[in-house]
Amino acid sequence: MTTDGIRRLGIGLISAGWMGRLHSRAYLAIRDKYADWNIRPELIIVADPVAANTEAAQRQFGYRETTADYREVLAHPDVEAVSICAPNFLHRDFAVAAAQAGKPFWIEKPMGVSAAQSAEIVAAADSAGLVTGVGFTYRHAPAIEYAKELILSGALGRVTNLRCKLNADYSADPRGARTWRFERAKGGSGVLGDLLSHGFDLAQYLVGAPIALVSALTDTFIKERPLPGAGIGHNVQVADDAPLVPVENEDYAAVLARFAGGVVGTFESTRVGIGARCDYGIEIHGTAGALSWNFERMNEIEICSGPTARDYGYTRELSDARFGDFARFQPGAGMGLSFDDLKVIEGSRFVRSVVTGKQLAASAADALSTARIAAAAEESQESGAWAEVR
Ligand SMILES: NC(=O)c1ccc[n+]([C@@H]2O[C@H](COP(=O)([O-])OP(=O)(O)OC[C@H]3O[C@@H](n4cnc5c(N)ncnc54)[C@H](O)[C@@H]3O)[C@@H](O)[C@H]2O)c1
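It is worth spelling out the overall build of the chain at this point. A tally of regular secondary structure across the chain gives 13 helices and 17 strands. Against the compact-globule benchmark of 21 Å for 390 residues, the chain has a radius of gyration of 21 Å, which places it among compact chains. Projected onto its principal axes, the C-alpha coordinates of the chain cover approximately 60 × 60 × 40 Å. Across the 390 residues that make up the chain, the buried fraction comes to 57%. Once local pairs closer than 6 in sequence are excluded, the contacts in the chain between residues at least 24 apart make up 70%.

Moving on: the pairing of strand β11 (residues 252-259). With eight bridges connecting them, strand β8 (residues 211-219) and β11 associate as antiparallel partners. Across the sheet, the residue bridging to Ser215 is Leu256, located in β11. Hairpin remark: β11 followed by strand β12 (residues 264-270), antiparallel, with four residues in the connecting loop; positive phi at Gly261, about 95°.

To continue, consider empty space enclosed by the protein. Take a probe with the size of a water molecule and roll it over the atoms, and the empty space left behind shows itself. As enumerated under the stated definition, the model contains two cavities of 30 Å³ or more in all. Of the voids in this model, the largest cavity is the one considered here, and its volume is about 70 Å³. The wall of the largest cavity is formed by Asn88, Pro110, Tyr170, Trp180, Arg181, Phe182, Gly187, Ser189, Gly190, Asp194, Asn249 and Arg271. Class assignment for the residues of the lining of the largest cavity results in four nonpolar, five polar and three charged. What the second largest cavity holds in volume is close to 30 Å³. Around the second largest cavity, the lining residues are Tyr138, Cys164, Lys165, Leu166, Leu202, Tyr280, Gly281 and Trp293. Listing elements by their share of the lining of the second largest cavity, those giving two or more residues are β7 (159-168) and β13 (278-286). Tallied by class, residues from the lining of the second largest cavity come to six nonpolar, one polar and one charged.

Turning our attention to the site of the ligand. Around the ligand, the structure places 28 residues, and the nearest of them are Ser15, Met19, Asp48, Asn88 and Lys109. In this structure, an oxygen atom belonging to the ligand sits 2.8 Å away from a main-chain N or O atom of Met19. In this structure, an oxygen atom belonging to the ligand sits 3.4 Å away from a main-chain N or O atom of Ala86. Isolated, the ligand exposes 850 Å² of accessible area, and the fraction of that covered by the protein chains is 89%. Sorting the residues of the shell around the ligand by element identifies α1 (18-33), α4 (88-100) and α12 (339-356) as the ones contributing at least two each. The leading source of residues in the shell around the ligand is α4, at four residues. The residue makeup of the shell around the ligand, split by class, is 13 nonpolar, nine polar and six charged. Domain assignment of the residues forming the shell around the ligand places at least three in each of domain 1 (7-134) and domain 2 (142-333 + 361-388).

By domain assignment, the chain separates into domain 1 (7-134) and domain 2 (142-333 + 361-388). Just the C-alpha atoms count here: the centres of domain 1 and domain 2 sit 25 Å apart. Every contact between the two is made by 20 residues of domain 1 and, on the other side, 25 residues of domain 2. Of the roughly 1,900 Å² buried at the junction of domain 1 and domain 2 (both faces included), carbon and sulfur atoms supply 64%. Seen at the junction of domain 1 and domain 2, the total is two salt bridges.

Read from one edge to the other, the open sheet built from six strands follows the order β3-β2-β1-β4-β5-β6, with strand pairing classed as parallel. Taken across any chain shown, the strands that pair with only one partner, and hence form the sheet edges, are β3 (65-67) and β6 (132-134). Recorded for the sheet is a direction-independent mean angle of 25° between the axes of neighbouring strands.

With that settled, the discussion passes to α4. Over its 13 residues, α4 runs 19 Å from end to end, which matches the ideal 18 Å to within 8%, given 1.5 Å per residue. When α4 is considered as a whole, its buried residues turn out to be Asn88, His91, Phe94, Ala95, Val96, Ala97, Ala98 and Ala99. Positive phi appears at Gly102, one or two residues downstream of α4, with a value of about 75°.

Let us now look at the nonpolar core. Val214, Phe267 and Trp293 are the most contacted members of the largest nonpolar core, which has 83 residues in total. Formed jointly, this core draws a minimum of three residues from each of two domains, domain 1 (7-134) and domain 2 (142-333 + 361-388). In this structure, Ile45, Ile84, Ala86 and Ala97 belong to the second largest nonpolar core, which totals 31 residues.

The subject of this paragraph is unusual backbone geometry. A cis amide bond links Lys109 to the next residue, Pro110, at an omega of -10°. The residue Ser15 is not glycine, and still its phi comes out positive at about 85°. Within the secondary structure, Ser15 is located in the loop between β1 (7-14) and α1. One non-glycine residue with positive phi stands out, namely Asn38, at about 55°.

Conventions we followed
- Residues numbered from 1 in each chain as written.
- Predicted model: local features only at pLDDT ≥ 70, side-chain atom pairs only at ≥ 80, totals over all residues.
- Heavy atoms only, no water.
- Helix = DSSP H or I, 4+ residues; strand = E, 2+ residues; numbered from the N terminus.
- Rg over C-alpha atoms; globule rule 2.2 N^0.38 Å.
- Buried < 20%, exposed > 50% of the residue type's maximum accessible area, 1.4 Å probe, protein only.
- Contact = heavy atoms within 4.5 Å.
- Pairing = 2+ DSSP bridges.
- 1 Å grid on protein atoms, 1.4 Å probe; cavity = no way out; pocket = protein on both sides within 12 Å on 5 of 7 lines; lining within 4 Å.
- Points joined across faces, edges and corners; volume = space filled by probe spheres on them.
- Nonpolar A, V, L, I, M, F, W, Y, C, P; charged D, E, K, R; others polar.
- Near = heavy atom within 4 Å.
- Polar contact = N/O pair within 3.5 Å; in protein donor to acceptor, adjacent residues only side chain to side chain.
- Areas by Shrake-Rupley, 256 points an atom, 1.4 Å probe, with all protein chains shown as cover.
- Domains from an automatic or database assignment.
- Buried area = accessible area lost by both parts, 1.4 Å probe.
- Salt bridge = Lys/Arg side-chain N within 4 Å of Asp/Glu carboxyl O.
- Axes fitted to C-alpha atoms, helices over the stretch in contact; angles between N-to-C directions.
- Expected span 1.5 Å × (residues − 1).
- Core = buried A, V, L, I, M, F, W, Y, C linked by side-chain atoms within 4.5 Å.

And the structure:
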């Protein structure tokens, strides 16, 4: 803390792709949207092997230094916390190294390429006594926080069942390149990790209990894709004559789940679903009511509860100050937040965790929990039987 009462927090960024840019924007926005916390993230150094990415990050966000080597971020004396926004296969090495350097980290999901890697990351963070943050972007959406309050207040009665979907079309084009996301060694699972990790986390967060048992089926509809050329993320180029190579993880997953405590649910996800843009939703039913939310209309929620619940079905409520952190972003009811704002909320939980030493954000342990559910789903797909989440 300095004499002006502001706690400055030195930030290092590892990987300046899409998520790296979003984390950077979030740190800067926290200064404004959460000004009353008197925490000022300072962007110190950014690492990425692609010089154009670090240069852009420096120009756009004001990082003081750039490097191609993530180890320079971890060794930097002014860096107190790091964001790890690398492709999945680099998460384990980067996060374990961050923990060993004593730097709390905010890491993207799915954390690592397997439950075993996620467990290594959790063990390293725990043995260093560090708080962590994970990119579970949807759990603090204002309408979801409102849903959580409703559930806790008993407005739905006893929660009995839920339906969660994460259906997208981002890989629906068969000419879309076979990037690292489609390789087992680099991406891990397909939609089970990339999309359903969000759904498992959201459902466990809202229900307040872990998923204990699953039965799953998975499939890969587009079995080969062209080798990528230059570029990053979803914007890689594909040459007309690029050879086709196998897709190594699933395009689609359906999961039946039983939670500890008895709630049951279904989860479905595709990354090749023509028509589904970001059709990410959850419906929760209880003995006295129900609610339904979809990311494509993230600033509203449908609710059915109260004395007339059985008579009239859902009514729509628009976001306002009752909804989570809504009022930090917008002054008027019904005004909208964006995906980027959700990252600001997520980042705020992380920086506050670092400053207070209390785990206030979705943690590495939460990410491990979703990785174990994905592993059980894969086991069930292989065996054709129900699988316990270990
Ligand atoms: N929370 C969410 O909603 C959400 C959304 C998209 C992606 N993600 C996750 O974020 C992570 C990154 O995804 P993305 O879409 O930003 O990918 P991206 O391809 O846009 O960016 C990845 C970056 O990592 C860099 N990189 C590669 N090797 C590196 C190394 N050795 N050291 C440092 N940086 C290196 C690349 O140059 C690139 O800039 C993934 O784990 C992904 O699953 C989360």
